[in-house]
Each structure stands twice: as C-alpha cells, then as structure tokens.
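Chain and residue survey
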Amino acid sequence: MQRVQKLNVVLVLKKGKIYILSDVLRLSTLLQHYRDNIDLNIYCLNDLFDMRINLFGINFIPFPYKEWSGWWAKMNMFHPTFKELRPFLYVDLDTLVLDTYAAIIPQKKDQFVTLEDFYQKGKLASGLMWIADNAKVIKIWNTWIRNPSLWITKYRGGDQVFIQNVVAADMFFQTYTSLVGSFKPVPSTRPLKSKPEKKAIICLHGNPRIHEVVETYGWVQEVLKEVV
C-alpha cells in the first residue's frame, strides 16, 4: 500500500483579460481527480474576494499586494504570511493535468524546484514551482519587496526572469521526472495534436492560452469530459 502524501497546491488568479474563476475551478477539478495517494489542499491567491473564503473546496485568499499586475501578481506567493503553507506546489492556470501526479513531488521537500525552460536549457521557468521554506525563497521575497516597481521595469520578461537573477533553482522538475511536458514540445511548431502518452502535467507557457485550447482542441475537450 502506497503512503499518502500531504500536498498544498497554490494557484494565482489576477483579474484581467485572460483568466477567470472558471479557469481556477477547471484546474482544481483536474487536480482533485488525479490526486491518487495525495491528501490535497488547494489555495488560490486572488483579487476577486476581499476575505478568506472556501468555495468549491478551494481556499481563496486575498493578495497581500493587489497592485502588482499580470504575471507579477505571482510574487505574492513568496510573502512571509504564506510560510504556513510551505512547502507547496505552485501550478500556473495555463496547465492541463492528465494523470496521477504524485511522482512530481520532490523527495527533498526543502528544495526550491522549478521548471526548466522547454526551449532554453538551464533557464528557469515559473509555470510550476515547488516553494519550500528555505533561504532561497526568503531571498526572493526580501529582494523583491525592496523595490517591486524597479524590478517590474527592469525585468520585462516577467517573474521568472527576476527570480533567476536572484537565485538558482535547486533542481528542475524535468531532471527527475518525465511526467511534466510542454503543449508545444518543439519551438515554431503546432501544439500537440493528440493527448500525449506518459505525461501527467502539460504546461501551455504562452499562446495558445488555456481558454483557447479548451474551445478548439478536440482531444482536450475529450479529456475534460471525463473529469470536469
């Protein structure tokens, strides 16, 4: 009998033109469906609600800093107030869960683990991150909060570029698991035309966005029909 693992998952929803509440509900449903041998708690940092509430089994928590726009809203997850949730798995809303994913949880829970950029070897990507309570995570926050407006202006490539310039990941998910893949596995080619085999987590990382994929890709619609 396999040991049940406890897992906190953190999502981030920033009001805007791309993501809405249904994106959170879809991803949460997929995570719950494939949580085999996982005692799962899902949290969503957001600017939809002004207080902590539990909705559809998701713990919605207001952003400490609502003014950070776009992808920069993700920096809220490094806030010391969320130390109580660490270690946790951050999952971008542009993510498909296709199978059981317990094996992606790092064995060393105290590490800072991220995606490796699918096209640039050695570069950090932030669509999937394991946020431990360690010195690197603390350094990311302490550096960021000194001057957020400066970093937003300086690092046009977004949060992942800022993070990589502050610390190096202890490990990339792709180093120890083949379960994580890209919706666009090869640059300058069309996205996946069919459901990939032996993948549990598929990251969209850019266009097409999740709502476009859900609306136009038949194999994705079939996957969702079985779960959502």
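Described in the following lines is the structure provided in the data block. The model shown is predicted, which means the values in this text are computed figures rather than measured ones. (Residues numbered from 1 in each chain as written. Predicted model: local features only at pLDDT ≥ 70, side-chain atom pairs only at ≥ 80, totals over all residues. Heavy atoms only, no water.)

**Digging into the sheet that holds strand β1 (residues 5-13)**
Sheet strands pair by backbone hydrogen bonding; their relative direction is either parallel or antiparallel. What the eight strands build is an open sheet, ordered β3-β4-β2-β1-β5-β8-β7-β9; its pairing is mixed. With partners counted over all chains shown, the strands left at the sheet margins are β3 (53-55) and β9 (171-172), one partner each. Note: β3 against strand β4 (residues 58-62), three bridges, orientation antiparallel. Residue pairing for β4: L55 is matched across the bridge by I58. (Pairing = 2+ DSSP bridges. Helix = DSSP H or I, 4+ residues; strand = E, 2+ residues; numbered from the N terminus.)

**Structural notes on the pairing of strand β2 (residues 38-46)**
For β2, a buried count of seven out of nine residues is recorded, marking the element as mostly surrounded by other parts of the structure. At this point the chain moves from β1, through helix α1 (residues 21-33), to the parallel β2, and the crossover so formed is right-handed. Across five bridges, β2 lies against β4 in parallel orientation. By the bridge assignment, L45 is partnered in β4 with I61. (Buried < 20%, exposed > 50% of the residue type's maximum accessible area, 1.4 Å probe, protein only. Right-handed = clockwise from strand over helix to strand, strands pointing away.)

**Points about the environment of Y43**
Note on placement: Y43 falls in strand β2. In this structure Y43 comes out as buried when scored by relative accessible area, which is 14%. Excluding residues that lie within four positions of it along the chain, Y43 makes contacts with N8, V9, V10, L11, I58, N59, I61 and L85. (Contact = heavy atoms within 4.5 Å.)

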